[in-house]
Amino acid sequence: MEAKPVLSQLTPYKQGKQTKEIQQEFGLERIVKLASNENPYGYSNQVKEALLQGLPDFNIYPDGYTAELRSALANKLEVAESQLVFGSGTEEIIQMLCRTYLAPGSNVVTATPTFGQYKHYSLIEGAEVKEIEVTADGYHALDKMLEAIDEKTRIIWLCSPNNPIGTVIPKEAFEAFLNNCPKHVLIAFDEAYFEYVDPEANIDVLSYIKSHNNLIVMRTFSKAYGLAGLRIGYGIANHMIIDKLNVVRGPFNTTSIAQQAALVALSDDVFITNSYEKNKTVKASFKNFLNQIGWKYFHSETNFLLVETPISGIDVFQYLLERGFIVRPGELLGIPKTIRVSLGTGEDMEDLQRVLLEFHNEAIVK
Ligand SMILES: *Cc1c(COP(=O)(O)O)cnc(C)c1O
């Protein structure tokens, strides 16, 4: 049998190491996972309580329309219900966009480095991927991205905040971009870390959907809401985009338990505010520590920091791994000599800082 030719250039997603694996390999008691930008404070207690009070009927298919969550989310975001689409994580929305808009002969434009799944799913649909290097300080090079657009471009992927860097697209730059982006190109704006963005840096991208029917914004319950294991995310756009995505979407693509949990999570603003505040505090003290040892990092509006390492990121990753901390080496994310550190609890970060200081003193200062 022959698979699509493009699959010979692609590999399955390589996830961060699993905790158990590492415990066994290095005989460690405690592992701190700082590799997948998960919420270290778990998820809303209200979700736990609601699930304990009554589980969905697992023998019944979920509501394919996601009616209850749809209605609550439409209210919260002040958009019409017809402007929402749900997916098994944002991941699936990205996949749906590729299936809806891309075919051999078309192309997409992305930043590099950025979230790898835009490229992956675009290639699978046979599109060419034009990757435009971010600026030296880690921002999308929007002018160059615009220049890369041609008549065959179908999607431009914008990731803001950008994983694995953490920078957001500034408002002025985005408005200039919107004015110049041709209407035949779908602007796919990924805001997976939206809840972590400082209000001052938030560009209120949803407000442009009314005037731009070629814009879709994607968000998720996986990061700040702490529900990564349940797989649910959503897209917000003009209903004409949503109508197309609904043709491609599997009829029961989000589970009943994910819908139920997300509905409750959405109403617990206190949990989100707390997560935001704690993250902000931890980020400030980690940056302070890095300043003290003289390591550079990129600006971040997220729950992770991309840190420049004095030697290969893989070597620093390995050093930390052997001492019970899992981070992501930048070499795997397209930005060598860095590590991406998800921000854990204050305590875990203090432990990490102790180990990083040891590394710094041993390997660097000597
Ligand atoms: C984590 C992440 C996602 C994936 O989110 P899911 O909803 O869990 O699929 C999407 N985009 C970016 C930029 C991310 O970092």
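With an unreviewed UniProt entry as reference, the chain is termed Histidinol-phosphate aminotransferase, source organism Oceanobacillus profundus. Its UniProt record gives the chain the following Pathway (unreviewed entry) comment, quoted word for word: "Amino-acid biosynthesis; L-histidine biosynthesis; L-histidine from 5-phospho-alpha-D-ribose 1-diphosphate: step 7/9." The chain has a UniProt comment under Cofactor (unreviewed entry) that states "pyridoxal 5'-phosphate".

A. Quick look at the sheet that holds strand β11 (residues 328-329). Spatially, β9-β12-β11 is the arrangement adopted by the three strands of the open sheet, whose pairing is antiparallel. Each of the sheet's edge strands pairs with one partner strand only, and the pair in question is β9 (304-308) and β11. Here β9 runs beside strand β12 (residues 338-342); their pairing, made up of five bridges, is antiparallel. By the bridge assignment, E308 is partnered in β12 with T338. Across the sheet, helix α10 (residues 269-293) is in contact with β9 and β12; its angle to β9 comes to roughly 5°. In this fold helix α11 (residues 313-321) packs onto β11 and β12, with an angle of close to 45° to the strand it touches most, β12.

B. Here's a closer look at the domain arrangement of the chain. Each assigned domain of the chain is listed here: domain 1 (5-43 + 270-365) and domain 2 (45-268). The gap between the C-alpha centroids of domain 1 and domain 2 is 25 Å. Contacts between domain 1 and domain 2 engage 28 residues on the former and 33 residues on the latter. Counting each side, the surface lost to burial between domain 1 and domain 2 is near 2,600 Å², with a carbon and sulfur contribution of 63%. On the domain 1 side of the interface with domain 2, the three residues burying the most area are Y43, Y276 and E301, jointly 29% of the side's total. Linking domain 1 with domain 2 are zero salt bridges. Our enumeration of links across domain 1 and domain 2 arrives at nine residue pairs in polar contact (both at pLDDT 80 or more). Taken together, the residues of the side of domain 1 that touches domain 2 break down into 14 nonpolar, twelve polar and two charged.

Basis of the calculations
- Residues numbered from 1 in each chain as written.
- Predicted model: local features only at pLDDT ≥ 70, side-chain atom pairs only at ≥ 80, totals over all residues.
- Heavy atoms only, no water.
- UniProt positions renumbered as here; feature names shortened; annotations may be inferred.
- Pairing = 2+ DSSP bridges.
- Helix = DSSP H or I, 4+ residues; strand = E, 2+ residues; numbered from the N terminus.
- Contact = heavy atoms within 4.5 Å.
- Axes fitted to C-alpha atoms, helices over the stretch in contact; angles between N-to-C directions.
- Domains from an automatic or database assignment.
- Buried area = accessible area lost by both parts, 1.4 Å probe.
- Salt bridge = Lys/Arg side-chain N within 4 Å of Asp/Glu carboxyl O.
- Polar contact = N/O pair within 3.5 Å; in protein donor to acceptor, adjacent residues only side chain to side chain.
- Nonpolar A, V, L, I, M, F, W, Y, C, P; charged D, E, K, R; others polar.

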